[in-house]
Amino acid sequence: MAEDKKPKQGQINIELDADVAQGIYSNLAIINHSQSEFVVDFVTIMPGVPKSKVKSRIVLTPQHAKRFLKALSDNVQRFENAHGEIKDYQQPPIPINFGPTGEA
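Residues numbered from 1 in each chain as written. Predicted model: local features only at pLDDT ≥ 70, side-chain atom pairs only at ≥ 80, totals over all residues. Heavy atoms only, no water.

The name given to the protein in an unreviewed UniProt entry is DUF3467 domain-containing protein, and the organism recorded there is Pukyongia salina.

Helices and strands together make up the secondary structure of the protein, namely two helices and three strands. Tracing the protein from N to C terminus, the helices and strands come up as α-β-β-β-α. Summed over all atoms, the accessible surface of the protein reaches about 10100 Å², with 56% contributed by carbon and sulfur. (Helix = DSSP H or I, 4+ residues; strand = E, 2+ residues; numbered from the N terminus. Areas by Shrake-Rupley, 256 points an atom, 1.4 Å probe, with all protein chains shown as cover.)

The topology assignment puts Asp41 in strand β2 (residues 38-43). Classification of Asp41 by relative accessible area gives buried; the value is 7%. A distance of 2.6 Å separates polar atoms of two side chains, one belonging to Asp41 and the other to Arg57. Excluding its chain neighbours within four sequence positions, the residues that come into contact with Asp41 are Leu28, Ala29, Ile30, Val54, Ser56 and Arg57. (Buried < 20%, exposed > 50% of the residue type's maximum accessible area, 1.4 Å probe, protein only. Polar contact = N/O pair within 3.5 Å; in protein donor to acceptor, adjacent residues only side chain to side chain. Contact = heavy atoms within 4.5 Å.)

Attention now goes to the pairing of β2. The pairing of strand β1 (residues 28-33) with β2 spans six bridges and is antiparallel. Across the sheet, residue Ile31 finds its bridge partner in β2, namely Val40. Relative to strand β3 (residues 54-60), β2 runs antiparallel, the two sharing six bridges. Within β3, the position partnered with Asp41 by the bridge is Arg57. (Pairing = 2+ DSSP bridges.)

Taking strand neighbours across the sheet as the criterion, the three strands line up as β1-β2-β3 in an open arrangement whose pairing is antiparallel. Unpaired on one side and paired on the other, β1 and β3 mark the two borders of the sheet. For this sheet, the mean inter-axis angle between neighbouring strands, taken without regard to orientation, is 20 degrees. (Axes fitted to C-alpha atoms, helices over the stretch in contact; angles between N-to-C directions.)

As structure tokens, then:
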């Protein structure tokens, strides 16, 4: 008899498309908020490249932003318990005009 593919009560069936499963690399997150939402823009900045684009934008309600913060904090703690402390190297702030400038 074939196994029933329907989720059990209380479970959510979440699909992951192949292109989304590849992920997008980001080394900068810009976070803004209003009274009703948090907006997180993920950017990839490369040395020597004067222009970057937002690769992905996530919009969250304040309640989901707080849940995400807790979930991320819990996961970082579990990671550090298993693999050791993550070093937080201080980096200089990224200037708005990031990248080389030309001279005549």
